[in-house]
Amino acid sequence: LESGTSPKLLTLVMIDDGKRVLLGHKKRGFGMGYYNGFGGKVEPGETIRQAAERELQEEACIEAVDLREAGVLVFAFDDQPVAWEVHVFAASSFRGEPAETDEMRPVWFNHEDVPFEQMWADDQFWYPLLLRRAYFRGVFAFTQTTQLLWHSLTERDPG
Ligand code: 6OG
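Note that the structure is a prediction, hence the values are computed from the model and not measured.

**Student:** In this structure, what is going on with the site of the ligand? I would like to understand it.
**Tutor:** Not every one of the 16 residues close to the ligand is listed here, only the nearest: Leu-12, Phe-30, Gly-39, Gly-40 and Trp-120. Sorting elements by how many residues they give to the shell around the ligand places strand 1 (residues 8-16) first, with three residues. Here the residues of the shell around the ligand are counted per class, giving seven nonpolar, six polar and three charged.

In structure tokens form, the structure reads like this:
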């Protein structure tokens, strides 16, 4: 493989206390205007888990207590040279108080009120699996950045 073909690694942390989920309203950059979990790019020299912890601290000002691997999402965009591999983590408890940052405004949603119409189109498919703690792997193809063309979602053993 050419060096340019390896996927870009990112993280996404979902805080879910069993009744409510904490989402951030993204104020700038990629996915602006959408509600999403907290995360970003894995930096050189850090593990994927460390990146997840760092981004949660940077974007929501909290530290997860019981961070677990929830699944992996692969995004292919027709206008991006490489696929994105997003490692999804979940936690039900955390230390600190969620606070607004330059990037995100945190908002709690009851499970029945999760605003899927203001979220990335893939979320409605994998969120139910996350809630019942099924480890998932999804592949999603997007065009014009946000239009979902195709997807595949499977449950599997972690690892
Ligand atoms: P920064 O640009 O903030 O990292 N992300 C997505 N999340 C979902 N649910 N669906 C998508 O569909 C996504 N594409 C990217 C990964 C971007 C953050 O947004 C997530 C990161 O947490 C395409 O550094």
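Read on for the rest.
**Student:** Looking at this structure, how should I read unusual backbone geometry?
**Tutor:** Residues apart from glycine generally show negative phi values, whereas peptide bonds are mostly found in trans. Even without being glycine, Cys-61 reaches a positive phi, approximately 65°. Within the fold, Cys-61 resides in the loop between helix 1 (48-60) and strand 4 (63-64). Exposure remark for Cys-61: the 17 C-beta atoms within 10 Å place this residue in the partly exposed category. The backbone of Arg-133 shows a phi angle near 60°, a positive value even though the residue is not glycine. Inspection of the secondary structure assignment puts Arg-133 in the loop between helix 2 (123-131) and strand 9 (136-143). Given 9 C-beta atoms within 10 Å, Arg-133 falls into the exposed group.

Parameters and conventions
- In this numbering scheme, every chain counts its residues from 1 along its sequence in written order.
- Residue-level local features of this predicted model are given only where pLDDT is at least 70; pairs of side-chain atoms are given and counted only at 80 or more, and the full residue set underlies all totals for whole chains, interfaces and linings.
- Proximity of a residue to a molecule or strand is defined by its backbone-placed C-beta atom lying within 6 Å of that partner.
- Here a helix means four or more residues in a row that DSSP labels H or I, a strand means two or more in a row labelled E, and each is numbered from the N terminus.
- Amino acid classes used here: Ala, Val, Leu, Ile, Met, Phe, Trp, Tyr, Cys and Pro are nonpolar; Asp, Glu, Lys and Arg are charged; the rest, including Gly, are polar.
- Neighbour density around each residue's C-beta defines its exposure: 20 or more other C-beta atoms within 10 Å make it buried, 12 or fewer make it exposed, and counts between make it partly exposed, where C-beta atoms are placed from the backbone.

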